[in-house]
Amino acid sequence: MRILVTGANGLVGKKITRQLLSGGKHEVYATSLKKLQIPGAVTFTSNLLNADINFMVDETHPDVIIHCAALSSPDACEVDRFACKRLNVDLTARIAMACNDYGVQLILMSTDFVFDGLKGQYAEEDRANPICYYGMSKAEAEQVVASMSAPWAIARTSLVFGYEQRLSRSNIVLRVAENLIKGNPFRVAFDQIRTPTLAEDLARGIEAIATNRATGIFHLAGSEIISVADLAARTAEVFGLNPELLLPVSTEMLTEPARRPLNTSLCCHKAIEQLGYSPKGLTEALRLVYSQMKLDGYNP
Ligand SMILES: NC(=O)c1ccc[n+]([C@@H]2O[C@H](COP(=O)([O-])OP(=O)(O)OC[C@H]3O[C@@H](n4cnc5c(N)ncnc54)[C@H](OP(=O)(O)O)[C@@H]3O)[C@@H](O)[C@H]2O)c1
């Protein structure tokens, strides 16, 4: 298959690109805002906000576009709603239109933050009811994609973690490691419940959506439902770091710009049954990240 990945400098886009290349079966085009190098992929930089999307699709002729580019920080979205809408909603709409024009399947990366977090263990058919602007923008992008004439899929995921060099944005496991290695205290919410997702597991799930030409909404998350504070403690345990530096606090005490939904754990039964999705156990996933970091001589 010929596949175009947007946002390939981010953790999710990079792992997806690597996964697609690993079997040697796909021709992969990867794009990002800043310069990017992924051996085996045809990479190019482009500010998609100004790019001619039809031209990009015409030049690359993809069978599938995996759209990861986004303003993915909930706080950044809350602070700059205009930028958030432009990137998360308007750009998605332009890519969806180009996919309609060329009959290309679109896979949109979406989030557990489309839910209000009051219920937990959300299934694909549960009603979206976002409580922060990032979640709202993603829910709106989902609606745009769900009304496409070309085939589409939406993959919602939750608290993705993993290791790559020079990431444009860090993630919870790397932040815990970085702070604890430096001996810094690190505050973590005990009341935010998630299904933390190893980026490699997510990437395999996305490849399965693409190669099966699967359509509709899929939840691709981790196998364990756990609080962010307990995830941090498990990270400290697996990485051999001092757990006493972790300071469990309530979400209210974190006073972040964007409201955080409390329990956004995702239920992945549909992906397990239809795509053969099989996320690793959390401890095994953290051990994998730790081994990648050690191999790379990680030094925060
Ligand atoms: N990470 C999570 O926990 C999580 C959870 C749920 C859903 N998701 C979704 O998964 C997707 C990927 O997440 P991520 O964590 O990998 O995000 P990320 O690290 O923030 O990466 C976003 C990517 O978008 C690119 N980008 C931003 N503005 C652009 C522009 N104007 N033109 C072209 N590219 C632009 C960035 O390029 P540069 O790096 O070159 O600047 C970067 O590669 C997002 O849609 C996010 O909403 C993520």
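Our structure is the block above this text.
Throughout this document, residue positions are counted from 1 along each chain, in the order its sequence is written. Whole-chain, interface and lining totals are the exception, using all residues; otherwise, since this is a predicted model, local features are given only for residues with pLDDT of at least 70 and side-chain atom pairs are given and counted only at 80 or more. Heavy atoms throughout the structure, all of them, feed into the side-chain values; hydrogens and water do not.

Visitor: Describe in detail the pairing of strand 6 (residues 152-157), supporting the description with residues and values.
Guide: Residue exposure (1.4 Å probe, protein chains only): buried if accessible area is under 20% of the type maximum, exposed if over 50%, otherwise partly exposed. Working definition: helices are DSSP H or I runs of at least four residues, strands are E runs of at least two. Numbering for both runs from the N terminus. Here strand 6 lies mainly inside the structure; six of its six residues are buried. What you see with strand 6 is no split at all: Trp-152, Ile-154 and Arg-156 on one side and Ala-153, Ala-155 and Thr-157 on the other are buried throughout. The pairing of strand 6 with strand 11 (residues 216-219) spans four bridges and is parallel. Paired with Arg-156 across the bridge in strand 11 is His-219. Only when DSSP finds a minimum of two bridges between them are two strands counted as paired.

Visitor: Could you give me a rundown of unusual backbone geometry, with the residues and numbers involved?
Guide: Its identity is not glycine, yet Gln-121 carries a phi of approximately 50 degrees, on the positive side. Checked against the element boundaries, Gln-121 lands in the loop between strand 5 (105-111) and helix 5 (133-146). Residue classification places Gln-121 among the exposed residues on the basis of a relative accessible area of 54%. The phi dihedral of Arg-166 is positive, around 50 degrees, even though this residue is not glycine. Residue classification places Arg-166 among the exposed positions, given a relative accessible area of 72%.

Visitor: An account of the site of the ligand is requested, with residue identities and associated values reported.
Guide: For this description, a residue counts as near a given molecule or strand if any of its non-hydrogen atoms is within 4 Å of it. In the vicinity of the ligand there are 28 residues, among which Lys-34, Ser-72, Tyr-134, Lys-138 and Val-160 approach most closely. Here Leu-48 contributes a backbone N or O atom positioned 2.9 Å from a nitrogen atom of the ligand. Throughout, the Shrake-Rupley method with a 1.4 Å probe supplies accessible areas, and for residues the shown protein chains are the sole cover considered. Considering the ligand on its own, with 900 Å² of exposed area, one finds that the protein chains cover 92% of that surface. Looking at the shell around the ligand element by element, the count peaks at three residues for strand 5. Charged means Asp, Glu, Lys or Arg here, nonpolar means Ala, Val, Leu, Ile, Met, Phe, Trp, Tyr, Cys or Pro, and polar covers whatever is left, Gly included. Tallied by class, the residues present in the shell around the ligand amount to 14 nonpolar, 11 polar and three charged. Under the rule applied, a polar contact is a pair of N or O atoms within 3.5 Å (in protein, one hydrogen donor and one hydrogen acceptor; residues adjacent in sequence only if both atoms are side-chain atoms).

Visitor: Got a sec to walk through helix 5? Specific residues and values, please.
Guide: An expected span of 1.5 Å times one less than the residue number is assigned to each helix. Under the 1.5 Å per step criterion, the end-to-end length of helix 5 is 20 Å for 14 residues, consistent within 8% with the ideal 20 Å. Here a residue-residue contact requires only that any non-hydrogen atoms of the pair lie within 4.5 Å. On its buried face, helix 5 is in contact with helix 3 (74-79), helix 4 (81-102), strand 5 and strand 6.

Visitor: Please give an account of the pattern of salt bridges that cites residues and values.
Guide: Salt bridge criterion: a side-chain nitrogen from Lys or Arg within 4 Å of a carboxyl oxygen from Asp or Glu. On inspection of all chains with the given rule, the structure shows 13 salt bridges. Between Arg-2 and Glu-27 there is a salt bridge whose closest N-O contact spans 3.7 Å. You can see Arg-2 sitting in strand 1 (residues 2-6) and its partner Glu-27 sitting in strand 2 (residues 27-32), a full 25 residues away along the chain. Residue Arg-2 is classed as partly exposed on the basis of its relative accessible area, which comes to 26%. The partner of Glu-200 in a salt bridge is Lys-15, and the shortest N-O contact between them spans 2.8 Å. Linking Glu-200 in helix 7 (residues 199-211) with Lys-15 in helix 1 (residues 11-22), this pair joins segments that are 185 residues apart in sequence. Counted as one network, the salt bridges with shared partners bring together Lys-15, Arg-18, Glu-164 and Glu-200.

This is a description of form; function is not addressed.
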